[in-house]
Amino acid sequence: MLRNKAYSFLKTAYKSSLFCASSKLSRSGTYDKIPLHQYCTQKSHYHTIYSSNVRTSCGLHTETTLNQLGELKTCSSQENVSSDSAKPKINKFTTRSHHCGELRLAHAGQEVTLCGWLEFSRMNKFFTLRDGYGTVQALLPDDVTQHFSLDGLAFESILRVRGTVQPRPAGQTNKSLPTGKIEIHVSDLEVLNEAKKRLPINVKDHNRAKENLRLEHRYIDLRNRDLQHNLRLRSQVIMKMRECMINDYGFVEVETPTLFRRTPGGAQEFVVPSRKAGHFYSLVQSPQQFKQMLMVGAIDRYFQIARCYRDESTRPDRQPEFTQLDIEMSFTDRDKVIELIEHVLRESWPYKDNPISGSFPRMTLAEAMERFGSDKPDTRFGYELQNLSEVIGTQITLPAGVRQQNFQAYGIIIRAAEARNLPSGLKKTLEEIAKKSNFCKFTQSKITPDWTVGPIVRLVGKQAAEALSSQLSLQTDDLLLLGWGKQSYVQNMMGRIRLAAYDALEQRNLVPKRESHAHNFLWVIDFPMFSENEETGQIESTHHPFTAPHPDDAAALTNASPENIYTIRSQAYDLVWNGVEIGGGSIRIHNSQLQRMVLQDVLRIEHTHLHHLLDALDSGAPPHGGFAIGLDRYVALLCNAASIRDVIAFPKSLDGKDPLSKAPVPISEEEKRIYHIQVVE
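Residues numbered from 1 in each chain as written. Predicted model: local features only at pLDDT ≥ 70, side-chain atom pairs only at ≥ 80, totals over all residues. Heavy atoms only, no water.

Under the heading Sequence similarities (unreviewed entry), UniProt records this for the protein: "Belongs to the class-II aminoacyl-tRNA synthetase family. Type 1 subfamily." (UniProt positions renumbered as here; feature names shortened; annotations may be inferred.)

Draft legend 1. Geometry of the overall build of the protein. Scanning the protein for helices and strands turns up 18 helices and 26 strands. Across the 681 residues of the protein, 51% fall into the buried class. Surface summary for the protein: the accessible area is close to 32,300 Å², and the carbon and sulfur share equals 50%. (Helix = DSSP H or I, 4+ residues; strand = E, 2+ residues; numbered from the N terminus. Buried < 20%, exposed > 50% of the residue type's maximum accessible area, 1.4 Å probe, protein only. Areas by Shrake-Rupley, 256 points an atom, 1.4 Å probe, with all protein chains shown as cover.)

Draft legend 2. Just the sheet that holds strand β13 (residues 280-283), in detail. Judged by pairing direction, the sheet is antiparallel, and its three strands sit side by side in the order β11-β13-β12 without closing on themselves. The open sheet has two free edges, formed respectively by β11 (259-260) and β12 (271-273), since each of these has just one partner strand. Pairing analysis gives three bridges linking β12 to β13, with the strands arranged antiparallel. Each bridged residue has a counterpart across the sheet, and for Val 271 the counterpart in β13 is Ser 282. (Pairing = 2+ DSSP bridges.)

Draft legend 3. Fine view of the pattern of salt bridges. This structure, assessed with the given rule, holds 46 salt bridges. Lys 662 is paired through a salt bridge with Glu 216; the nearest N and O atoms lie 3.2 Å apart. Here Lys 662, found in the loop between α17 (631-638) and α18 (669-674), pairs with Glu 216, found in helix α2 (residues 211-216); they are 446 residues apart in sequence, far enough to count as distant. Judged by relative accessible area, Lys 662 falls into the partly exposed class, the value being 47%. Looking at Glu 216, the relative accessible area reads 28%, which means it is partly exposed. Among the ionic pairs, Lys 240 bridges to Glu 243, the shortest N-O distance being 3.6 Å. One end of the pair, Lys 240, and the other, Glu 243, are both in helix α4 (residues 225-248), three residues apart, so they sit about a helical turn from each other. (Salt bridge = Lys/Arg side-chain N within 4 Å of Asp/Glu carboxyl O.)

Draft legend 4. A look at the side chain of Arg 130. Along the polypeptide, Arg 130 turns up in strand β6 (residues 126-131). Arg 130 gets classed as buried once you look at its relative accessible area, which sits at 2%. A distance of 2.6 Å separates polar atoms of two side chains, one belonging to Arg 130 and the other to Glu 156. (Polar contact = N/O pair within 3.5 Å; in protein donor to acceptor, adjacent residues only side chain to side chain.)

Draft legend 5. Representation of the packing of α4 against α17 within the structure. Put simply, α4 and α17 touch, their axes get as near as 10 Å, and they point 120° apart. With respect to α17, the element α4 is oriented oblique. Note on packing geometry: the crossing formed by α4 with α17 is right-handed. Note on element contacts: α17 touches α4 through Leu 631, Asp 632, Tyr 634, Val 635 and Leu 638, opposite Asn 230, Leu 233, Arg 234, Val 237, Ile 238 and Met 241. (Axes fitted to C-alpha atoms, helices over the stretch in contact; angles between N-to-C directions. Parallel < 35°, antiparallel > 145°, perpendicular 65-115°, else oblique. Left-handed = near helix turned anticlockwise from the far one by under 90°. Contact = heavy atoms within 4.5 Å.)

Draft legend 6. Main features of the environment of Leu 129. Inspection of the secondary structure assignment puts Leu 129 in strand β6. Judged by its relative accessible area of 2%, Leu 129 falls in the buried class. Placed 14 residues apart in sequence, Leu 129 and Cys 115 show a C-alpha to C-alpha distance of 7.7 Å. Among all residues touching Leu 129, those that are not within four sequence positions of it are Cys 100, Leu 114, Cys 115, Gly 116, Trp 117, Leu 118, Gly 134, Thr 135, Val 136, Leu 159 and Val 161.

Draft legend 7. Spotlight on the environment of Glu 431. Relative to the helices and strands, Glu 431 is located in helix α10 (residues 426-435). A C-alpha to C-alpha distance of 9.8 Å links Glu 431 and Lys 441, two positions 10 residues apart in sequence.

Draft legend 8. Highlighting a nonpolar patch on the surface. Residues Tyr 219, Phe 650 and Leu 660 make up a contiguous nonpolar surface patch of roughly 300 Å² in combined accessible area. As for its placement among the helices and strands, Phe 650 is situated in the loop between α17 and α18. Judged by its relative accessible area of 48%, Phe 650 falls in the partly exposed class. (Patch = residues over 30% accessible without salt bridge, like charges linked within 9 Å, V, L, I, M, F, W, Y side chains within 5 Å.)

Draft legend 9. Main features of the packing of aromatic side chains. Counted under the stated rule, the structure contains 14 aromatic pairs. Ring geometry for Phe 260 versus Phe 290: centroids 4.5 Å apart, planes at 55°, classification tilted. With Phe 260 in strand β11 and Phe 290 in helix α5 (residues 288-296), this pair connects stretches of sequence that are 30 residues apart. Judged by relative accessible area, Phe 260 falls into the buried class, the value being 18%. The buried category is assigned to Phe 290, whose relative accessible area is 14%. One aromatic cluster in this structure is built from Trp 349, Tyr 351, Phe 360, Phe 521, Trp 577 and Tyr 634. For the cation-ring pair, Lys 92 lies above Phe 93, with the distance from its terminal atom to the ring centre recorded as 5.3 Å. Residue placement shows Arg 498 over the ring face of Phe 381; its charged tip is 3.9 Å from the ring centre. (Phe/Tyr/Trp six-rings, centres within 6.5 Å; stacked < 30°, edge-to-face > 60°. Lys NZ or Arg CZ within 6 Å of the ring centre and 35° of its normal.)

Draft legend 10. Focus on unusual backbone geometry. The amide bond that connects Ala 663 to the next residue, Pro 664, takes the cis arrangement and shows omega of 0°. Relative to the elements of secondary structure, Pro 664 occurs in the loop between α17 and α18. With phi around 55°, Asn 640 is a residue other than glycine that occupies positive phi space. Looking at the element boundaries, Asn 640 is found in the loop between α17 and α18.

Draft legend 11. Spatial organisation of the sheet that holds strand β8 (residues 158-167). Read around the closed barrel, five strands run β5-β6-β7-β9-β8, paired in mixed fashion. For this sheet the average axis-to-axis angle between neighbouring strands, irrespective of direction, equals 50°. Alignment of β6 against strand β7 (residues 134-139), held across six bridges, turns out to be antiparallel. Counterpart to Asp 131 in the pairing with β7 is Gly 134.

Draft legend 12. Here's a closer look at α5. In terms of burial, α5 is largely enclosed, as seven of its nine residues are buried. What α5 keeps buried is the set Gln 288, Gln 289, Phe 290, Lys 291, Gln 292, Leu 294 and Met 295. Structurally, α5 contributes buried residues whose contacts are with β11, β14 (301-309), β15 (321-330), α16 (611-617) and β26 (624-630). Following α5 by one or two positions, Ala 298 adopts a phi angle in the positive range, close to 75°.

What follows is the structure, encoded as structure tokens:
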């Protein structure tokens, strides 16, 4: 998994029954007696300790460590201790001398002070201490147990431990643990804060609570090693992006307002009441208008780590509030923006043993839809759509509402070796996808020896059936997935069917597994400037109304007609990684007359609310363009996380609520009065 290769945050994986037998080493000395409530003890349970971040590529056994800049890099797992100048000063300004993940054999004999959470204890002799960097085993020598008892202290209590680093006895080392060759012989122990006996959730990897309960007690869940890894990796990636933007390319980080005015069109916005009756702010969907006005103001290279808000249904890859790397620059074009983004991703890429190299391939939207049935194609596997429109011809019955000039038919072939082992439930899954698709039809046809004279003939005709068999080289037990209907609709349907079919094949190990770390980056370009709303039939911007037309289609926009309006291309571009859109951008309209024409004559949008932007374009606006990377989604892919909630410290739940604080919540009658709010049931 990708997370096992990241920067050198000390990642650990739980193992059970890893406590070593009682060490025969002991130290004598005198100890000051401390109050009983400051001693910690625990009944003998099981013990869990972390494994190091281990890679076996090229036959090397490696682990990760931190360098001075916080960059995660790989080094040999030999017992070497980095010089102070090569390490981040993680322990400076704290009461500890080291963190729990950094001690090695080279530290043997050193007096250390550690702080962390009591993870487990055994026999009133051994215990493990955990912090955000790792875990370490500690030993209470026999003479020390007379002064320090571990009985009755709850797991997850906060301890400060002083002691000496000692090698573990022969045969008792734990090679899977970065600190597994040493232990701390405790000379002093202090309970800084005792946890309650039964916490609502466990920190362990196994038997984790359900997500909603973990979100409710996120402050405990954050101690989990995966969340620790994800948040630290996120921080490192964003830091590298900032360094690249500022130090390498001279961009200026500018914070734009969050409170703005309502912007009709696009996603639903969060409305914020004001003390002036009937007047409201809206939380910005993006800094789009502000960054364009910054270009007018000669801030010609802008970026920010922007917070954005959209009041829409939450999905695994969506949150009502989200973060993006927002970029805009003047005197540029599409190719230069694309080149910049590729540089930023290469410089901030966390997996130094698997670096990104070269430029990313580009594909027009038309090609992506034709081959993959998606504007964000997953190019890690084949099973591409095959256009069968000419083969099928006019024999097949068109779905209602589809004209012949918009008709297209596509097929996907699953060969016999795989088709014979498909799960029985796949047929129903594919039929459900087809039912949700308008203006198209779908069928699944298993190839038999007499297929060309079988039921398929009633659908496409004998001549078309024979042509299909010949063109597709169909063999007995092959499976043909066939869709037909209105072009864009049938392409989308077949794209979803392609993904569902490959998922089923992958689950049965019938095809190669898709690698989460594969470098299948892809630029999708030449989007249409306008699209038809599937629900209302109204014309709308494919991206947003500030996107400039493609230079080759600019003249056509000036003389656009209802017949050719949807053929006009824009200078928009999306970046896709392994089938997921991680960002999008465009070259903007910088001419106020063209912008007014698009808003008024084409989209028929009332644009008085955009007077500030139009006035800015009238004030001398340079050509400009930009891009935004969805950081939550991008980092989730880097971490191979199931959801973007796993890379956000305090995310909202699937229904957009906050299980931690229970927000949104009612407000008092006095607050309603201040903000002139009346609730209507």
